[in-house]
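In case you want the letters, here they are:
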Amino acid sequence: MIFRSIIFSFFLLSHFSSYSQLQDLYTFPKGVSDKYSFNSAEEYKTSSKIKVRGATLIDIKNYAELVSYGKANLFKSGNIYMDWGEMEDYLNNILNKELPDSLKNKNCKIYLVRDPYYNAFAYHDGSFFVNIGLLADVYNEAGLAIIIGHEISHYLNNDVQKLYFEKLKSFSKKNRNDTELRIQNAHSSQTQEQKADSISFILSQKAGYDIKYGLNNFYHFLISEVIN
């Protein structure tokens, strides 16, 4: 673990010593690879067929639109690094170490986001997003792995969908269509968060990481909440 921490620290110092330097390292690609192209229309059709007790057809279609076109818009906006294969491979290697057997054959993948805040989030389809600001401040690889495990838990428990429709129930029918869940800031359910933390520690420990570094993550997320 000490060796791994040293290697990770060197990796961070070499590539992520500050957010401004991170910006300078990256150049937008001239073209977009097919692996970053998504069929939003097909995804919308699939997501529109889900059944949720108490939800109207309009509620379900709003959700389907958010998750299908929202993901595509992340890439179209230029907020996703699309020409940094080395970093993508590194993050996805950690992801694959932690994925439970039930997800090994799923199309799960991590993408890197051009955002300075200490955050990560999961989508309904097994897509995970890690902010570059998190990499700049995370203590070591174990700390990063625990955060990734946390997001895996959200995917396993279908928390994106659950939280979306739970949020709708807190509004009246009159205001319901004016509400929107921002997935990347969706860590608001304490029950879901506590469960995700527990599963994250289990996944990370099984993958060989020292879970004590999860305490550093709690500190960083607390500071991030205060600043925001």
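Each chain has its residues counted from 1, running along the sequence as written. Where local features are concerned, this predicted model is filtered to residues with pLDDT of at least 70; where side-chain atom pairs are given and counted, the filter is 80 or more; whole-chain, interface and lining totals use all residues. Side-chain figures throughout are based on the complete set of non-hydrogen atoms in the structure, without hydrogens or water.

**Student:** Where do I start with the overall build of the protein in this structure?
**Tutor:** What counts as a helix is a DSSP run of H or I of at least four residues, what counts as a strand is a run of E of at least two, and both are numbered from the N terminus. Of the regular secondary structure elements, the protein holds 11 helices and three strands. Written out in order from the N terminus, the α and β elements of the protein read α-α-α-α-α-β-β-β-α-α-α-α-α-α. With a 1.4 Å probe rolled over the protein chains alone, any residue whose accessible area is under 20% of its type maximum counts as buried; one over 50% counts as exposed, and the rest are partly exposed. Taking all 228 residues of the protein together, the buried fraction comes to 46%. Any two residues whose heavy atoms approach within 4.5 Å are treated as being in contact. In the protein, the proportion of contacts linking residues at least 24 apart, taken out of those at least 6 apart, comes to 70%. For the accessible areas, the method is Shrake-Rupley and the probe is 1.4 Å, while residue cover comes only from the protein chains on display. Accessible area for the protein stands at about 12,700 Å²; split by element, carbon and sulfur atoms hold 52% of it.

**Student:** What am I meant to see in the pattern of salt bridges here?
**Tutor:** Between side chains of opposite charge, pairing is possible as soon as their charged atoms come close. One side-chain nitrogen of Lys or Arg within 4 Å of one carboxyl oxygen of Asp or Glu is enough to make a salt bridge. Counted by the stated rule, this structure contains five salt bridges. Salt-bridge contacts for Glu42 lead to Lys45; the nearest nitrogen and oxygen are separated by 3.7 Å. Taken together, the residues span about one helical turn, with Glu42 and Lys45 both in helix H3 (residues 40-47) at a distance of three residues.

**Student:** Whenever I open this one, helix H4 (residues 57-76) confuses me. Can you help?
**Tutor:** One turn of an α-helix holds 3.6 residues; hence residues three or four places apart share an orientation. End to end, H4 covers 28 Å across 20 residues, agreeing with the expected 28 Å (1.5 Å per residue, within 8%). Gly70 marks the point of greatest bend in H4, at about 30 degrees. Listing the buried residues of H4 in full gives Asp59, Ile60, Tyr63, Ala64, Leu66, Val67, Ser68, Gly70, Lys71, Ala72, Leu74 and Phe75. Note on H4: the residue one or two positions beyond its end, Gly78, has a positive phi of about 85 degrees. An expected span of 1.5 Å times one less than the residue number is assigned to each helix. To obtain the bend at a residue, axes are fitted to the seven residues ending there and to the seven starting there, and the angle between these axes is taken.

By themselves, these are just geometric observations and shouldn't be taken as functional.
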